[in-house]
Protein chains: 4
Amino acid sequence: MISDRKLEHLLICKNYDVEFKDKTTGFEDIELIHNALPEVDKNEIDLSTSVFGKKLDSPLFITAITGGHPAAKEINEQLAIVSEENNIALGVGSQRAACEHPELEDTYSVVRENAPDCLLIGNIGAPQLHLANKAVEILDADILAIHLNPLQESIQPEGDLDARGYLESISEITDIVDIPVMAKETGCGISAETAKQLVDAGVSFIDIEGAGGTSWAAVETYRSEDRYLGELFWDWGIPTAVSTAEVASAVEVPIISSGGIRNGLEAAKAIALGADSVGMALPFLKKSVSQDELNQFIHYFNDSLRIAMFLVGANTIEELKQSRLVISGKTKQWLDERGINTKNYSRR
Amino acid sequence: MISDRKLEHLLICKNYDVEFKDKTTGFEDIELIHNALPEVDKNEIDLSTSVFGKKLDSPLFITAITGGHPAAKEINEQLAIVSEENNIALGVGSQRAACEHPELEDTYSVVRENAPDCLLIGNIGAPQLHLANKAVEILDADILAIHLNPLQESIQPEGDLDARGYLESISEITDIVDIPVMAKETGCGISAETAKQLVDAGVSFIDIEGAGGTSWAAVETYRSEDRYLGELFWDWGIPTAVSTAEVASAVEVPIISSGGIRNGLEAAKAIALGADSVGMALPFLKKSVSQDELNQFIHYFNDSLRIAMFLVGANTIEELKQSRLVISGKTKQWLDERGINTKNYSRR
Amino acid sequence: MISDRKLEHLLICKNYDVEFKDKTTGFEDIELIHNALPEVDKNEIDLSTSVFGKKLDSPLFITAITGGHPAAKEINEQLAIVSEENNIALGVGSQRAACEHPELEDTYSVVRENAPDCLLIGNIGAPQLHLANKAVEILDADILAIHLNPLQESIQPEGDLDARGYLESISEITDIVDIPVMAKETGCGISAETAKQLVDAGVSFIDIEGAGGTSWAAVETYRSEDRYLGELFWDWGIPTAVSTAEVASAVEVPIISSGGIRNGLEAAKAIALGADSVGMALPFLKKSVSQDELNQFIHYFNDSLRIAMFLVGANTIEELKQSRLVISGKTKQWLDERGINTKNYSRR
Amino acid sequence: MISDRKLEHLLICKNYDVEFKDKTTGFEDIELIHNALPEVDKNEIDLSTSVFGKKLDSPLFITAITGGHPAAKEINEQLAIVSEENNIALGVGSQRAACEHPELEDTYSVVRENAPDCLLIGNIGAPQLHLANKAVEILDADILAIHLNPLQESIQPEGDLDARGYLESISEITDIVDIPVMAKETGCGISAETAKQLVDAGVSFIDIEGAGGTSWAAVETYRSEDRYLGELFWDWGIPTAVSTAEVASAVEVPIISSGGIRNGLEAAKAIALGADSVGMALPFLKKSVSQDELNQFIHYFNDSLRIAMFLVGANTIEELKQSRLVISGKTKQWLDERGINTKNYSRR
Ligand SMILES: Cc1cc2nc3c(=O)[nH]c(=O)nc-3n(C[C@H](O)[C@H](O)[C@H](O)COP(=O)(O)O)c2cc1C
Ligand SMILES: Cc1cc2nc3c(=O)[nH]c(=O)nc-3n(C[C@H](O)[C@H](O)[C@H](O)COP(=O)(O)O)c2cc1C
Ligand SMILES: Cc1cc2nc3c(=O)[nH]c(=O)nc-3n(C[C@H](O)[C@H](O)[C@H](O)COP(=O)(O)O)c2cc1C
Ligand SMILES: Cc1cc2nc3c(=O)[nH]c(=O)nc-3n(C[C@H](O)[C@H](O)[C@H](O)COP(=O)(O)O)c2cc1C
């Protein structure tokens, strides 16, 4: 049953090492250029950002984690309270189960109850066209995310392996729902070409969810009797820094950079690379045991982002997006090969 | 006697570490680009490929391993049964001994007996022009491979060190046998220039057998009293990924990428680099103790190849050949130096 | 109180590991090209350099370390005696406390007393316009340094976080003081763009103080209850070799290369990269326990600089500035990205 | 006294670790391209090379090691016997002492006595113009080498630190002696620019002696009371592979590649990079305890060189010089920076 699987995912992610092994996000290849003379009052730095009309106090998304299992309700409640308190955005896990099993609805509706003003993001799979409006309704969502997770499906014993028509279906979803539709990966990233396809299909927001953080091949490996395939594909995917630059170079819609981002310094790099905001899942799940830990984590995030902005001389997220940075190593090699001019970042 | 040497080779390869030490195949420098939106039904992926008119269920060759010794007969029998069952291609080891000693013939003929429909590949050395038709006949071969192994000959105490006239001899072999003639290295790879010479000489199939897997300098080191030379040349050769790209850029004939390939993910990279299929020897020798292990290994191979294809959005081997990939590190440096435009792979 | 903080800084720097962790100065990426035929008499090598009319026996600055606390007086006295003896330049730590608390003045005036002929450098922060002339007077300074330290301010609990108007203030300081004004960082380096701003504001000397030596995020981490932010930004900054080349490519004023320089060989690289002299702080603080150790350290510095000059064939600092060098690795990548032609160094 | 120092050098080189620490020769960055179809009979490979009219059986020089001390006589005798037996070239250590102290002459003359037909190389320093003909006479030398060793002189307590006029003096030596004059470094290499100066001064043979093997800063460090400077400059110099390519690109005279070369595989790379032959010192000193060990070492050298030649398809040293190779890593970066087109090696 879906909802048992969801509990397993939560337990595995909380207790096992589910992150990439030998592949990194690539942010270690990115150097923001220190500005010894910032024309900035750090205390006045404005982290706020506006997403489809709603203002966030910080460019931070808690990306899709859970729902659809009794154990998930408490987690979602905690995340909702904290998101409301800090006025950041919050996504929920796949709503398929709840759309099909009304008794699970409250594991999602608990979110809006506790986060009346938050930017909330619903979550369905590409083929679940028929559940789209229901999902929006259950959550009272501001945005509907469609998750793309072919790697997980490949490794997962119960995986859905027919991905034909997904783009078509996404296009139809963008037609039938009234709110903006986001496409999100789940840890393998989105390429320039895929980003263009998504935007052409009507998607108006992309959460890149690249490689370097939670690996869904890893998660499913722990659930499999046979670890061979999961271990082989553990590190598959486009590193988050690369995917961020690829998508930013390809489309005009707003971008969330995510997948392995863990602090405000990495967030600053992601935003300077072209993202509009950043997202995280695993750290929030791990801290969800207490509101204090969640609040402190967000506090650290905001503070480290502010320091990074101060040190490059950016008063606002918009200014941060124009900051100079130097790309080297494997990330530089990838972008060169793909025709993305890294000098546009270092000399602007 | 040749056949004792063959037994020694089998025992050494099974029990000792005979792979390259500090040199790798280069596949770790190759990244297939994740496609979050594959227009593929993984269960419908077609791994089949056609080789000189015969269809294989998977682009997989068990490359030349053995024959010519009583102990080899059982191994060849196992490999034949499994090849037939999985409809993949099977090569045998050098047939020289059997051509000269009829009592050894059955160590080869056992293959066709157990693999009546398989694509079988005979095996002789370049100077064994006179044995060519006999070798084809003993095996009832579909293809005749001519092995090139100057490194092994150099390190082997009994090595044949006069390689003059090999190309001439190969050309004559292509004239006198009725089936396609393949040239194969044995772990040092084939360069663009050599590939051109081979094709000009009439060869219609190249098995590159590059560096990074079984090292024949290593194998012969274990057989030598004096390890000095073997250890010095242990890691000699063109890495498999490099050799694959070199040969693909130079000639039009079909290519097997091999030498250190160990799973379907590496196979997918090799095919996207320009190979038509891949080959392996050592893993099959190691699994040849049981049909179950052999079958499972092939199963893993096919499954991992399918997942890689799913994740790049390829329904067929032909589509896989067009997949985008990014080359970095030492492999990129080598190809740049040699004038092979790596951007043709990343931007196509 | 400021002066307690100063004591803490001294103690931490003397006893804890306060240098960068994973980031280096970049000098290991720089190779001076050996000259097997130097037209040089090593004993006649002239290390002297002239700085705003005063001649130094060696292109060496003890950069700002201390003052403003009773414990600092003895250190400054030692440094002054040794600077006078070796005729090198000496900077003092921030003079703000002494300007505001006359009882601390002697911790600075002790310097001129013991170094009557030395090139002395005063030190204030950018916003301390009103203290500029007082600072010059207390020290009888030849040059007034304005320190830039946004990273330290960010991590320091009591940090001054409003950096707006600093450039304006620097410009005014250059107007109101009669001696040359230097801008100096404190371990994060100065970029080409910042250097231009500083020179446009009237600064006539730049001490780049790049990343790779003492990390002020590190120092403040040891002072904080909460180490999170300090550890995250421990390695922030432009590596010293990079910053040296950036600033040298951007402005015409004399440059001190500093931040992690530890010997005359690195100094030679820095000067060949475009610096006019080099500076160090931490090693001098550590040796300040005895005049002998200080003298020996300077002796080693001069000797190793002389050997490097001998080996590239440079008789004078001016000739050293024209020496060929080869840049590789990360430093090369950074300079390439930023549009600084490294071949100008290797082929001149 | 010179001759005591010479004994110390011998003992240190035999018993201590005197090779470069973190710098390598660069030959690990060079890959000869495997030729699977060599048109070569390995047993017929011709290693012979002609040097100023004398034929050597192998392109191998025992470079300057010793003489001038009673203990050196036995070493030179051994080296002479073995050189004669294998018909390779032999250089002696600096002859200054013997030129000035006739009682030491036999430590050199023993060489010609035991190697009547060998190519022998005398050895003096650049300022020893007045000893040139005497040195030639004592040894009955075929070539006179002038050693350049500014690094050693810098670290050595008794070092000769006035290198002015060396080039002038070299030019005069080429005028006054009747045999070819060679310039040789001693472990720091020769740059393109220095090579041009030497050839313009009349030198007709260059032994590059680059960095990566014996470090004379290291040797002198063991002799110094104070290790500081020696350790700092331990790794100074142009890597041997780089220096070989630099000199080959700059001048037409024959070149010996040396400094850290240890076997025939590295020798093959050096020759393909542009050298005419290779040299070694330290390994011969270490093996000089027995003629058997010396003979075996030369045997290994020749055999490994032959295998490398076989594997690239070279029948002669001349053909080896035309072999393709791929340069990567730091060596590639250096050559790129210096304007040496590495593609000339990989595509010829
Ligand atoms: C326990 C857990 C459950 C998740 N469930 C979903 C999901 O239902 N839908 C989805 O789109 N992403 C899901 N994700 C993926 C995350 O949104 C995110 O893409 C991924 O974890 C990478 O980010 P991270 O490295 O910050 O964890 C889940 C992640 C975790 C850790
Ligand atoms: C035990 C053994 C025997 C082999 N004998 C032959 C042979 O007779 N002829 C041949 O062409 N290759 C022979 N090979 C080489 C393989 O076909 C292959 O080129 C090489 O092992 C590299 O592939 P691998 O890394 O997958 O083992 C042999 C390999 C092994 C392991
Ligand atoms: C104990 C200590 C105190 C310092 N105080 C000052 C200061 O007051 N003003 C200033 O401009 N720099 C100050 N610095 C920074 C140094 O001048 C220098 O920029 C920095 O330490 C990097 O150089 P290093 O790696 O050689 O130490 C101080 C450094 C140390 C170690
Ligand atoms: C013990 C010893 C003594 C040497 N003495 C001399 C010498 O007198 N003159 C000279 O030109 N080179 C001398 N060399 C340097 C060598 O000729 C050679 O340039 C250097 O050792 C680097 O080569 P290697 O790494 O093979 O040892 C000596 C080397 C050794 C090991």
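The rules we used
- Residues numbered from 1 in each chain as written.
- Chains lettered and ligands numbered in written order.
- Predicted model: local features only at pLDDT ≥ 70, side-chain atom pairs only at ≥ 80, totals over all residues.
- Heavy atoms only, no water.
- Helix = DSSP H or I, 4+ residues; strand = E, 2+ residues; numbered from the N terminus.
- Rg over C-alpha atoms; globule rule 2.2 N^0.38 Å.
- Contact = heavy atoms within 4.5 Å.
- Buried area = accessible area lost by both parts, 1.4 Å probe.
- Salt bridge = Lys/Arg side-chain N within 4 Å of Asp/Glu carboxyl O.
- Polar contact = N/O pair within 3.5 Å; in protein donor to acceptor, adjacent residues only side chain to side chain.
- Near = heavy atom within 4 Å.
- Areas by Shrake-Rupley, 256 points an atom, 1.4 Å probe, with all protein chains shown as cover.
- Nonpolar A, V, L, I, M, F, W, Y, C, P; charged D, E, K, R; others polar.
- UniProt positions renumbered as here; feature names shortened; annotations may be inferred.
- Least-squares fit on C-alpha atoms with pLDDT ≥ 70 in both.
- Buried < 20%, exposed > 50% of the residue type's maximum accessible area, 1.4 Å probe, protein only.
- Axes fitted to C-alpha atoms, helices over the stretch in contact; angles between N-to-C directions.
- Parallel < 35°, antiparallel > 145°, perpendicular 65-115°, else oblique.
- Left-handed = near helix turned anticlockwise from the far one by under 90°.
- pLDDT = per-residue confidence, 0-100.
- Patch = residues over 30% accessible without salt bridge, like charges linked within 9 Å, V, L, I, M, F, W, Y side chains within 5 Å.
- Lys, Arg positive; Asp, Glu negative; His and termini not counted.
- Charge placed at Lys NZ, Arg CZ, Asp CG, Glu CD.
- Phe/Tyr/Trp six-rings, centres within 6.5 Å; stacked < 30°, edge-to-face > 60°.
- Lys NZ or Arg CZ within 6 Å of the ring centre and 35° of its normal.

## With respect to the overall build of chain A
Okay, so step 1: Helix and strand counts for chain A come out as 17 helices and twelve strands.
Okay, so step 2: On C-alpha atoms alone, chain A measures out to a radius of gyration of 19 Å, which is about the 20 Å that the 2.2 N^0.38 rule sets for 348 residues.
Okay, so step 3: Across its three principal directions, the C-alpha atoms of chain A cover 55 × 40 × 40 Å.
Okay, so step 4: Expressed as a percentage of contacts within chain A between residues at least 6 apart in sequence, the contacts between residues at least 24 apart total 74%.

## Examining the interface of chain D and chain C
Okay, so step 1: Taken together, the contact between chain D and chain C spans 38 residues of the former and 36 residues of the latter.
Okay, so step 2: Among the residues of chain D in contact with chain C, D:L161, D:W236 and D:E337 are the three that bury the most area, contributing 24% of the side total.
Okay, so step 3: For the pair chain D and chain C, the number of links is five salt bridges.
Okay, so step 4: Ionic pairing is found between D:E337 and C:K332, a salt bridge with its closest N-O pair at 2.6 Å.
Okay, so step 5: Along the contact surface separating chain D from chain C lie 16 residue pairs in polar contact (both at pLDDT 80 or more).
Okay, so step 6: Elements with a minimum of two residues in the side of chain D that touches chain C: α6 (150-155), α7 (166-176), α8 (192-200), α10 (228-233) and α16 (329-337) of chain D.

## Here we look at the site of ligand 2
All names here are of chain B.
Okay, so step 1: Around ligand 2, 23 residues are found, and the nearest of them are A64, I65, K184, E209 and T214.
Okay, so step 2: The separation between an oxygen atom of ligand 2 and a polar side-chain atom of T63 is 3.1 Å.
Okay, so step 3: The separation between a nitrogen atom of ligand 2 and a polar main-chain atom of I65 is 3.1 Å.
Okay, so step 4: Coverage of ligand 2 by the protein amounts to 94% of the 600 Å² it exposes when considered alone.
Okay, so step 5: Those elements giving two or more residues to the shell around ligand 2 turn out to be α1 (2-15) and α13 (282-287).
Okay, so step 6: Here the residues of the shell around ligand 2 are counted per class, giving nine nonpolar, ten polar and four charged.

## Observations regarding the UniProt feature "domain: FMN-dependent dehydrogenase" (unreviewed entry) in chain A
Okay, so step 1: Here the UniProt feature "domain: FMN-dependent dehydrogenase" (unreviewed entry) sits at residues 166-325 of chain A.
Okay, so step 2: Across residues 166-325 of chain A one finds 55% helix and 10% strand; the C-alpha atoms that close the span lie 36 Å apart.

## Quick word on the relation of the copies chain D and chain C
Between the two copies of this chain, the relationship is a rotation about some axis together with a displacement along it.
Okay, so step 1: You can overlay chain D on chain C at an RMSD of 0.0 Å; the transform is a turn of 90 degrees with a shift of 0.0 Å along its axis. The relationship between the two copies is best expressed as a four-fold rotation axis. Closest approach to the rotation axis among the C-alpha atoms of chain D is made by D:G329, whose C-alpha sits 6.5 Å away.

## Re the site of ligand 4
Residues and elements named next belong to chain D.
Okay, so step 1: The environment of ligand 4 is formed by 23 residues, the closest being A64, I65, S94, E209 and T214.
Okay, so step 2: The separation between a nitrogen atom of ligand 4 and a polar main-chain atom of I65 is 3.1 Å.
Okay, so step 3: Contacts to ligand 4 include L282, whose backbone N or O atom sits 2.9 Å from an oxygen atom.
Okay, so step 4: Contact with the protein chains removes 95% of the 610 Å² of surface that ligand 4 exposes when unbound.

## With respect to the UniProt feature "binding site: Mg(2+)" (unreviewed entry) in chain A
Residues and elements named next belong to chain A.
Okay, so step 1: Mapped onto this numbering, the UniProt entry gives "binding site: Mg(2+)" (unreviewed entry) at E153.
Okay, so step 2: Tracing the sequence through the fold places E153 in helix α6 (residues 150-155).
Okay, so step 3: The exposure class of E153 is buried, given its relative accessible area of 15%.

## Considering the packing of helix α2 (residues 70-86) of chain C against helix α14 (residues 291-312) of chain C
Residue and element names in this part refer to chain C.
Okay, so step 1: Contact geometry of α2 with α14 gives a least axis separation of 10 Å together with a crossing angle of 40 degrees. The angle between α2 and α14 places the two elements in the oblique class. In the crossing of α2 with α14, the sense of the turn from one axis to the other is right-handed. Across the interface between the two elements, Q78, L79, I81, V82, E85 and N86 of α2 pack against Q291, L294, N295 and I298 of α14.
Okay, so step 2: When its residues are assigned to classes, the contact of α2 with α14 shows five nonpolar, four polar and one charged.

## Regarding the pattern of salt bridges
Okay, so step 1: Going through the model one piece at a time under the given rule, you end up with 90 salt bridges over all chains.
Okay, so step 2: With its nearest N and O atoms 2.8 Å apart, the salt bridge here joins C:E19 to C:R262. Of the two residues, C:E19 sits in the loop between α1 (2-15) and β1 (30-32) while C:R262 sits in the loop between β10 (255-258) and α12 (264-273), which places them 243 residues apart along the sequence.
Okay, so step 3: For D:R164, the salt bridge is made with D:D162, and the minimal N-O distance between the two is 2.9 Å.
Okay, so step 4: When its relative accessible area of 45% is taken as the criterion, D:R164 is described as partly exposed.
Okay, so step 5: For D:D162, a relative accessible area of 27% puts it in the partly exposed group.
Okay, so step 6: Overlapping salt bridges bring together A:E8, A:E158, A:E220 and A:R223 as one network.

## Some thoughts on the interface of chain A and chain B
Okay, so step 1: Between chain A and chain B, the contact holds 38 residues from the first and 36 residues from the second.
Okay, so step 2: The contact between chain A and chain B buries some 3300 Å² in all, and 63% of this surface belongs to carbon and sulfur atoms.
Okay, so step 3: Looking only at chain A, the three residues that lose the most surface to chain B are A:L161, A:W236 and A:E337, adding up to 23% of its buried area.
Okay, so step 4: A salt bridge links B:K343 to A:E337; the nearest nitrogen and oxygen atoms lie 3.6 Å apart.
Okay, so step 5: Where chain A touches chain B, the interface holds 16 residue pairs in polar contact (both at pLDDT 80 or more).
Okay, so step 6: Among the elements that make up the side of chain A that touches chain B, the one with the highest residue count is helix α16 (residues 329-337) of chain A (five residues).
Okay, so step 7: In the side of chain A that touches chain B, the residues fall into 19 nonpolar, nine polar and ten charged.

## So, the environment of D:T244
Residues and elements named next belong to chain D.
Okay, so step 1: Mapped onto the secondary structure, T244 falls in helix α11 (residues 240-250).
Okay, so step 2: Measuring from C-alpha to C-alpha, the distance between T244 and L320 comes to 15 Å, with 76 residues separating the pair along the chain.
Okay, so step 3: In contact with T244, other than residues within four places in its own chain, are I208, S257, A270, L273 and A275.
Okay, so step 4: Here the side chain of T244 touches S257 through a polar contact of 2.8 Å, side chain to side chain.

## Thoughts on the confidence of the model for chain A
Okay, so step 1: Counting all residues, the mean pLDDT for chain A is 97, and 99% of those residues have values of 70 or more.
Okay, so step 2: Predicted as a complex, the structure gets a pTM of 0.97 and an ipTM equal to 0.97.

## Comments concerning the side chain of B:S48
Residue and element names in this part refer to chain B.
Okay, so step 1: Looking at the element boundaries, S48 is found in the loop between β1 (30-32) and β2 (49-51).
Okay, so step 2: A relative accessible area of 17% means that S48 is categorised as buried.
Okay, so step 3: Side chain to side chain, S48 and D46 meet in a polar contact 2.8 Å long.
Okay, so step 4: Discounting residues that sit within four places of it in the chain, S48 has contacts with K55, L56, D57, S58 and I317.

## Examining a negative patch on the surface
Okay, so step 1: Together, A:E39, C:E168, C:E172 and C:D175 line one region of the surface with negative charge.
Okay, so step 2: Within the secondary structure, C:E168 sits in helix α7 (residues 166-176).

## Examining the packing of aromatic side chains
Okay, so step 1: Here the structure, examined in full by the defined rule, presents 28 aromatic pairs over all chains.
Okay, so step 2: Consider the rings of B:Y16 and B:Y222, whose centres lie 4.7 Å apart with planes at 55 degrees: the pair is tilted. Taken together, the residues B:Y16 in the loop between α1 and β1 and B:Y222 in helix α9 (residues 216-223) connect sequence positions 206 residues apart.
Okay, so step 3: Judged by its relative accessible area of 44%, B:Y16 is partly exposed.
Okay, so step 4: Ring geometry for D:F61 versus D:F205: centroids 5.8 Å apart, planes at 70 degrees, classification edge-to-face. Taken as a pair, D:F61 in strand β4 (residues 60-62) and D:F205 in strand β9 (residues 205-207) lie far apart in primary sequence, 144 residues in all. In this pair, the class of D:F61 matches that of D:F205, namely buried.
Okay, so step 5: These aromatic residues form a ring-pair network of at least three members: A:Y16, A:Y222 and A:W234.
Okay, so step 6: The side chain of A:K21 reaches across the aromatic face of A:W234, ending 4.0 Å from its centre.

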